[in-house]
Structure formats: structure tokens, C-alpha cells
Amino acid sequence: MFLGGCGKVVPAIVVSILALMTTPVQADGQTIRDDLSKDDAARVAAVTAPATNFSAAEQYERMAGGAGTSLAKADRDAFSHAFENLSAEKRQDFVLGNGLFKKLWVSAPSSTQASDGLGPLYNARSCHRCHINNGRGHPPEGPGDRSVSMFLRLSVPPRTAAEQALLDDKRALRLPEPTYGGQLQELGLPGLHAEGRMVVAYETVKVELGEGEIVELRRPSYTVAGLSQGAMRDDVMLSPRVAPPMIGLGLLEAIHSADIVAKSDPDDRDGDGISGRINLVRDKSSGALVPGRFGWKASIAGIEQQSAEAFSGDIGISTPMFPDSYGDCTAAQTECRGRQIGVQVRLGDTEAPDPILDLVAFYARNLAVPARRDVSDPDVLKGKALFHQAGCAACHTPKFVTDRNARQPEHRFQLIWPYSDMLLHDMGEALSDHRPVGDAAGSEWRTAPLWGIGLTHTVNGHTYFLHDGRARSLIEAIMWHGGEARQAREAVTAMSRKERQYLIRFLESL
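Residues numbered from 1 in each chain as written. Predicted model: local features only at pLDDT ≥ 70, side-chain atom pairs only at ≥ 80, totals over all residues. Heavy atoms only, no water.

Chemist: Would you mind showing me how to read the environment of Ala258 here?
Modeler: Summarising the element assignment, Ala258 is placed in helix H6 (residues 257-263). According to the relative accessible area criterion, Ala258 is buried, its value standing at 8%. Distance in space between the C-alpha atoms of Ala258 and Asp34 is 8.5 Å, their sequence separation being 224 residues. (Helix = DSSP H or I, 4+ residues; strand = E, 2+ residues; numbered from the N terminus. Buried < 20%, exposed > 50% of the residue type's maximum accessible area, 1.4 Å probe, protein only.)

Laid out in C-alpha cells, this is it:
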């Protein structure tokens, strides 16, 4: 089933057809996969069927990201390689996007001109400062450690009919805190006070596993110190976010909408205790209602929007998609709003005019997934069997075949292994941030893709997991699973110590 292509080993199912056609999802969630013939549909069903034989690796299992899988050495740069099947010309765009991703923005006015416009309030000076090595962020590791790769989201519940209408129509998924905006900005330009500082405190919770093994969990709580604009509204909702890994985003975007809808079961009609839901959001470009795919709450439709929101909220840089050059500064922050912006009229109407956003989004869309390691190792295969037996695969769906009509030819009709169903799941009270985002309740989170998770320490030098980095190991992350994942967690708890080692060995191979 392999053909030669672009000088690489390419699965035969790789094809080139048309540009991406996003299938809008109506409120009833009814779609069909309209890119497949009857024969193709049968092939896709066969190749994505759940594994039943764990005595050997599945075909193509090592190639987690399809034909674009990175075959480079699994070192600290493992998340920084382009898709293997990109042409030389497209690799030039990838390199340009990488440069803009790492670009340090400065305050206006500046002699650099094309690099000014930072802030005035911000969390980082570049995309790379949050997504270090394109990997996973972490919480502050001590009093002197800034939370650059982790920040606090801020929102408030609606108080008026107009505010409720915004949420109902999905013109907004959350309402910003009136003074401090949508997230806490911990840095400001010279002479401008930062909004405040996130403070994290932990309580230790001990959990006993099978054979008497004890795991200590950290239950975090969050407050804000040093507020520069007075108190926040008394009903403000805080939610921490660590920067997620960047690999494979283009492939997640290329999963057909119908495959996501098909896995949703909001009323748990099959009675398995798993009721994955879609977070229906408005695509910023088209205005259509589509499944959210990105962000911890699946609140963002596409990669351009994700990139533009980060430019605006994290760095304070305007783009054609979010043209306000004051970023997250609210009308109440008059000193911030009085600062000079970095728009250069000769370059465009925003601080990051076209094609900057396009190139950054292209870079994000084409960061390759590393090849799996040790897929045929007997201990890894035992762990894989235990992963399925525990019910983990009910949400962490191992594989998809991407849309034949995906936006980029390199992403089309690829067998990929993200280990996510892209849906929202109730993870229980212990993981709830009590802050709704669109259709996502406080306890609901998008199933995090697991590909690359075993390289976290190699790439980022830590093993902090979950949306707020509270878990310091994979076993701690599992023990925080509740709600729909409670039965899977209990199955892992009941395993023998050796079986849990096999399970972790499998996860570390991803």
C-alpha cells in the first residue's frame, strides 16, 4: 500500500484533488462524508476500525502523521520539522513562517518599523516564547518563575439580554471581564503597569493504586495579585491555560467534519457512559457554524483564527482578522489605549499585515508529527492492549483518514493517529474550571491529542500535563480523569503495578 512520492515513502491513499470544502454543521449535527466513493468509504472504515490484535503493530502505525511524518531524530527539535512531503517551494514558506513565529516584536515607535506594535499589554514578545520548541507550556515552577507559557483566561456571565443574545447566536463564546479583558496580561511596555500576576497554590491529594502504590496529586487554586486597575468584577471566572503542542495541527484541521459528528453522542444513546459533544462555533472567515477543533475547549474553528487570536491576545499585535492594534486592552484601560500603535501605512492597515498571518498559519499547519518509537516492542504492545481494555480509546480515538478535499494536497487522504475524537467530554468536578466557553461547560474539555506526548520531556524538559499543568507525570494525568473518564481511570487504578508500567510505556511511545 505504499507509493513513491516527493522523494518519500508515501501511503497509496495519498491523493491530490481540490481545495478544502468545509462542511457546515447545523444545530442538529447532521452531515455526511461527501468526499468518498462507496469503495473509498469501505477502505476508510476498514483501516480505521479499532485494533483487536495486539500481538504486533498495525500497518503504518509508526507513521503517526501519514506521509508527512517526521523521520528526523527524536531530540529537542522533534516538534520543529516540516512535513516530509512538502515541496522545496513550500519549505521556503515554512522557513519564512518559522522566522515570523520566532520574531521578537518591539514597542512603537521603533526604527525596525516592520517589527513594532508590541502590546501595549502582553504576555509574550513572540509566538515561540509561549510555544517553546513548538511544544507544551508549563505552570510557574517557583516564586521567581514567570508564567510566560501559561496564562489566565478571564470572563464574566451575562447580565443583560443583549449579552445573552451574543452568546446564544455564537457571535461571542464568552464575555470578557469589563476592565481587564479576556486574559490577564502580565507584561506591559515601559511606563505601563502590567495588569497583575497569576498566583498558583497547590494542595496535595494522595491516591492509592493497585498493589498499594501511592500517587500524590496537586490540586491547584488560582488568584491574581497586584491588580493595576482595581478589583475585577465580583463574578469573574478565571481559567488557566498552558500552551499546547503545535504538531499535526494541519492534519487535525483536515479531518472531515462528518467523522467528528459521527463520533458525537451527546445523549449517550449507546449507553456506554461516553457522551462526546461538539462545540459549535462560528468560523471567523465564513461566518458558518462548524465544529470547533482547536483550543482546550474546542472553541476555535481553524488555524488562521487560532494564530490571529494569539497575535492579538498574547502579543498585542493586530492582523486583518483582528484589526484592533491595542490587543486585549479594554476601553476602561485609558492609559493603554493612549499608547502609540505600530501600524505602518505603507505596509498595510495592521501591525502584522498580509502575508504575515498566512505565513505563520502555514508554519503552524505544517509542523510534522514525529514517527512513533518502539511500536513493535512487546511491552509497548501490552500497554496498547491495556489502553484499549481500560476504555481509553473511547475518547482518545487512535486514527482517522483525512478529507480527500483538504486544503493542502499534503494533508489529503492521510491515515493519521492523533488519539483524539476532537469532541468535548465531561471530565468531572475535579477538573472543572467552572467557566463555560460556547457550548463547553466548565467540566468539559476537548480530548487532547496524544501524538508526541512521549517526547514532552525531550522537547521541553518537563512532564507537566493537562490544561493547567497540574499533573507532573502521565499517571497523575490519568488519575485526574473523572466524569465520563471515571471508569477508565478506575480500570487503571485497579491494574497491577506492572500493567501500569506497560500502559505508561505505550503512552511514552506515542
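Chemist: Teacher, can you tell me more about the pairing of strand E8 (residues 237-242) here?
Modeler: A regular strand places its side chains on the two faces of the sheet in alternate fashion. Burial within E8 is extensive, with five of its six residues counted as buried. Where strand E4 (residues 150-155) and E8 come together, six bridges link them in antiparallel fashion. For Met150, the partnering residue across the bridge sits in E8 and is Val242. (Pairing = 2+ DSSP bridges.)

Chemist: I would appreciate a short explanation of the pattern of salt bridges in the present structure.
Modeler: Close approach of charged atoms allows side chains with opposite charge to pair. By the definition in use, this model includes 32 salt bridges. One salt bridge in this structure joins Glu304 and Arg365, with 2.9 Å as the shortest N-O distance. Here the residue Glu304 occupies a position in helix H7 (residues 303-315), and Arg365 occupies one in helix H9 (residues 356-365), the gap between them amounting to 61 residues. Residue Glu304 shares its accessibility class with Arg365, and that shared class is buried. (Salt bridge = Lys/Arg side-chain N within 4 Å of Asp/Glu carboxyl O.)

Chemist: Whenever I open this one, the packing of aromatic side chains confuses me. Can you help?
Modeler: For any pair of aromatic rings, the description consists of the separation of the ring centres together with the inter-plane angle of the planes. On inspection of all chains with the given rule, the structure shows six aromatic pairs. Here Trp105 and Phe311 contribute two aromatic rings whose centre-to-centre distance is 6.2 Å and whose plane-to-plane angle is 90 degrees, an arrangement assigned as edge-to-face. One end of the pair, Trp105, is in the loop between helix H2 (88-102) and strand E3 (121-122); the other, Phe311, is in helix H7, and 206 residues separate them in sequence. An identical accessibility class is assigned to Trp105 and Phe311; each is buried. Taken together, a centroid distance of 5.2 Å and an interplanar angle of 55 degrees make the contact between Phe387 and Phe506 tilted. You can see Phe387 sitting in helix H10 (residues 378-389) and its partner Phe506 sitting in helix H14 (residues 497-509), a full 119 residues away along the chain. One aromatic cluster is present, formed by Phe94, Phe101 and Tyr363 through successive ring pairs. In this arrangement the basic side chain of Arg404 is found over the ring face of Phe413, its NZ or CZ atom lying 3.9 Å from the centre. (Phe/Tyr/Trp six-rings, centres within 6.5 Å; stacked < 30°, edge-to-face > 60°. Lys NZ or Arg CZ within 6 Å of the ring centre and 35° of its normal.)

Chemist: How should I be thinking about unusual backbone geometry in this particular structure?
Modeler: Across the chain, the bulk of peptide bonds are trans and the bulk of non-glycine residues have phi less than zero. The residue after Ala108, namely Pro109, is reached through a cis peptide bond having omega -5 degrees. In this fold, Pro109 is placed in the loop between H2 and E3. Cis peptide bonds are those with omega within 30 degrees of zero, and the linkage from Gly119 to Pro120 qualifies with 10 degrees. The phi dihedral of Ala298 is positive, around 50 degrees, even though this residue is not glycine. Here Ala298 lies in the loop between strand E10 (289-291) and H7. Assessed through its relative accessible area of 1%, Ala298 is described here as buried.

Chemist: Please explain the state of the cysteines as it appears in this structure.
Modeler: According to the stated counting rule, one finds one disulfide in the structure shown. Paired through a disulfide, Cys329 and Cys336 show a sulfur-sulfur distance of 1.8 Å. Taking the sign of the torsion about the S-S bond as the criterion, the disulfide between Cys329 and Cys336, at about 65 degrees, is right-handed. We classify Cys329 as buried; its relative accessible area is 4%. Cys336 sits in the buried class, given a relative accessible area of 2%. Cys130 takes part in no disulfide bond, and the closest cysteine sulfur, belonging to Cys127, lies 8.0 Å away. According to the relative accessible area criterion, Cys130 is buried, its value standing at 5%. (Disulfide = S-S within 2.5 Å.)

Chemist: I keep staring at the packing of H10 against H14 and nothing clicks. Help me out?
Modeler: Helix-helix packing is characterised by the crossing angle of the two axes and by the distance between the axes. Running from N to C, H10 and H14 cross one another at 100 degrees; their axes reach a closest spacing of 7 Å. In this view, H10 runs roughly perpendicular relative to H14, as classed from their interaxial angle. Where H10 abuts H14, its residues Asp379, Val380, Lys382, Gly383, Lys384, Leu386 and Phe387 lie against Glu499, Tyr502, Leu503, Arg505, Phe506, Leu507 and Ser509. Taken together, the residues of the contact of H10 with H14 sort by class into seven nonpolar, two polar and five charged. (Axes fitted to C-alpha atoms, helices over the stretch in contact; angles between N-to-C directions. Parallel < 35°, antiparallel > 145°, perpendicular 65-115°, else oblique. Contact = heavy atoms within 4.5 Å. Nonpolar A, V, L, I, M, F, W, Y, C, P; charged D, E, K, R; others polar.)

Chemist: When you look at the nonpolar core in this model, what are you seeing that I'm missing?
Modeler: Burial of nonpolar side chains together is a common tendency in soluble globular proteins. Counting 103 residues, the largest nonpolar core has Trp105, Phe311, Phe387, Ile475, Ile478, Val492 and Leu507 as its most contacted members. The element that contributes the greatest number of residues to this core is H9, accounting for eight residues. Excluding residues within four positions of it along the chain, Leu507 makes contact with Phe387, Leu450, Ile453, Gly454, Leu474 and Ile478. (Core = buried A, V, L, I, M, F, W, Y, C linked by side-chain atoms within 4.5 Å.)

Chemist: What am I meant to see in the side chain of Thr447 here?
Modeler: By the secondary structure assignment, Thr447 is in the loop between strand E14 (444-446) and helix H11 (456-460). Within polar-contact distance, the side chain of Thr447 engages the side chain of Asp421 at 2.8 Å. If near-sequence neighbours (up to four positions away) are discounted, Thr447 is found in contact with Cys395, His396, Tyr419, Ser420, Asp421, Leu423 and His425. (Polar contact = N/O pair within 3.5 Å; in protein donor to acceptor, adjacent residues only side chain to side chain.)

Purely geometric stuff here, so don't read any function into it on its own.
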